[in-house]
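# Notes for the structure review
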Amino acid sequence: MARSAAVERKTNETDISLVLELDGTGKSEINTGIGFFDHVLTSFARHGFFDLKLTAKGDLYVDGHHTAEDTGIVLGKAIRQALRDKAGIRRYGSSLLPMDETLVLCAVDLSGRPYLNFSAQFQSERVGYFDTELVREFFYAVAYSAGMNLHIKLMDGDNCHHIIEAMFKAFARALDEASSIDGRIAGMLSTKGTIA
C-alpha cells in the first residue's frame, strides 16, 4: 500500500495544497512564490526520494513568514499521515551532510513527541527573497505537526545559501532513513510497543 498523503490548508493568510509520496523517486512540482524556498524544497524531495507536489499561495505582500510556516505545518501533517501506524519503520535517521565549506548535522526520531533543537547563525538576513530567520520557523512547524524529534545543527559554514540548502538535504536524508521500512522490525521499534 502506498505511503502517501494529501493535505490542504486554507486561511486568510495562505492557501496550500500538498501531495507527498514517501516511497517515491524524488520527483517534484513546487510553487510557493518564493524562488529560493522552491529550490530547497525541490532539494528536499530529490535527496529524500520523496515525490512532492506543492502549491502555496500566501500573503507575500506582507512577507514570507506565513507561507514558510504554513508550508511546514502542511508538510508535517502529510508526513504524519503517510507514516500511517509507523509499523516496521526504522524510526531514527541521521545525516552529516557537507556542501562546499558547510557541514550540517540532522537527526530525526519519529517518536510522536514533537521537539526542535535548531542551532545555527546566519550572516545574511536574506537569500534571494527568502528571509533566513524563516528556516527555523519552517522546521519548527514541520517537527510539531509531524510529531517528530528534530535536531539540526550547523557544524561549519559561512555561505547562507549553502547552509540552508545543506539543512534541507540533511533533513531529507535523515527522514528517508527514519521512515524507511526494515523487514527485521515486527510492529513498532519501541519497548513500549507503540510509537505515539
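Quick note: structure is the one above.
Below or above, wherever it landed, is the structure these notes cover. (Residues numbered from 1 in each chain as written. Predicted model: local features only at pLDDT ≥ 70, side-chain atom pairs only at ≥ 80, totals over all residues. Heavy atoms only, no water.)

Pairing within the open sheet is mixed, and its 4 strands lie in the order 1-2-4-3. Both edges of this open sheet fall to strand 1 (4–10) and strand 3 (28–31), since each of them pairs with a single strand only. Sheet twist, expressed as the mean angle between neighbouring strand axes with direction ignored, is 5°. (Pairing = 2+ DSSP bridges. Helix = DSSP H or I, 4+ residues; strand = E, 2+ residues; numbered from the N terminus. Axes fitted to C-alpha atoms, helices over the stretch in contact; angles between N-to-C directions.)

It is worth spelling out helix 1 (residues 35–48) at this point. Over its 14 residues, helix 1 extends 20 Å from the first C-alpha to the last, a length consistent with the 20 Å expected when each residue adds 1.5 Å. Burial in helix 1 covers these residues: F36, F37, D38, V40, L41, S43, F44, A45 and G48. F49, located one to two residues past helix 1, shows a positive phi value of around 55°. (Expected span 1.5 Å × (residues − 1). Buried < 20%, exposed > 50% of the residue type's maximum accessible area, 1.4 Å probe, protein only.)

You will see that F49, though not glycine, has its phi angle at about 55°, which is positive. Non-glycine residue R84 carries a positive phi angle of around 55°. Position of R84 among the secondary structure elements: in the loop between helix 2 (65–82) and strand 5 (92–99). By relative accessible area, which is 42% here, R84 ends up partly exposed.

Time to look at the sheet that holds strand 10 (residues 149–156). Here 4 strands make up an open sheet; going across it, the order is 5-6-10-7 and the pairing mixed. Two strands lie at the open edges of the sheet, namely strand 5 and strand 7 (115–119), each paired on one side alone. The mean angle between the axes of side-by-side strands here comes to 10°, regardless of whether they run parallel or antiparallel. Bridge analysis of strand 7 against strand 10 gives 5 bridges, and the strand direction is parallel.

Before going further, it helps to examine the environment of R136. Locating R136 in the fold gives a position in helix 3 (residues 134–146). Judged by its relative accessible area of 34%, R136 falls in the partly exposed class. Expressed as a C-alpha distance, the spacing of R136 and A120, which sit 16 residues apart in the sequence, is 8.9 Å. With residues up to four places along the chain from it excluded, the contact list for R136 reads L116 and F118. (Contact = heavy atoms within 4.5 Å.)

The subject of this paragraph is a nonpolar patch on the surface. On the surface, L96, L105 and M155 cluster together into a nonpolar patch covering about 270 Å² of accessible area. Residue position: M155 is located in strand 10. (Patch = residues over 30% accessible without salt bridge, like charges linked within 9 Å, V, L, I, M, F, W, Y side chains within 5 Å. Areas by Shrake-Rupley, 256 points an atom, 1.4 Å probe, with all protein chains shown as cover. Salt bridge = Lys/Arg side-chain N within 4 Å of Asp/Glu carboxyl O.)

Another aspect to go through is the environment of E13. Looking at where E13 falls in the secondary structure, it is placed in the loop between strand 1 and strand 2 (14–21). When its relative accessible area of 35% is taken as the criterion, E13 is described as partly exposed. For E13 and T67, which are 54 residues apart along the polypeptide, the C-alpha to C-alpha distance reads 7.9 Å. Look past the residues within four positions of E13 in its chain and what remains in contact with it is K57, G58, D59 and H66.

We now examine the pattern of salt bridges. Per the stated rule, a full pass over the model turns up 8 salt bridges. Across the pair D109 and R91 runs a salt bridge, and its minimum N-O distance is 2.7 Å. Here D109 is found in strand 6 (residues 102–109), whereas its partner R91 is found in the loop between helix 2 and strand 5, with 18 residues between them in sequence. Here K169 makes a salt bridge to E165, at a shortest N to O gap of 3.0 Å. One end of the pair is K169 and the other is E165, both in helix 4 (residues 160–179) and 4 residues apart, which spans about a single turn. Comparing K169 with E165 shows no difference in burial state: the two are buried.

Where helix 1 meets helix 4, the closest approach of the two axes is 8 Å, and the angle between their N-to-C directions is 30°. Relative to helix 4, the element helix 1 lies roughly parallel. Helix 4 is crossed by helix 1, and the crossing has right-handed handedness. Residues F36, F37, H39, V40, L41, S43, F44, H47 and G48 of helix 1 form the contact with helix 4, whose participating residues are H161, I164, E165, F168, K169, F171, A172, R173, L175 and D176. Class assignment for the residues of the contact of helix 1 with helix 4 results in 10 nonpolar, 5 polar and 4 charged. (Parallel < 35°, antiparallel > 145°, perpendicular 65-115°, else oblique. Left-handed = near helix turned anticlockwise from the far one by under 90°. Nonpolar A, V, L, I, M, F, W, Y, C, P; charged D, E, K, R; others polar.)

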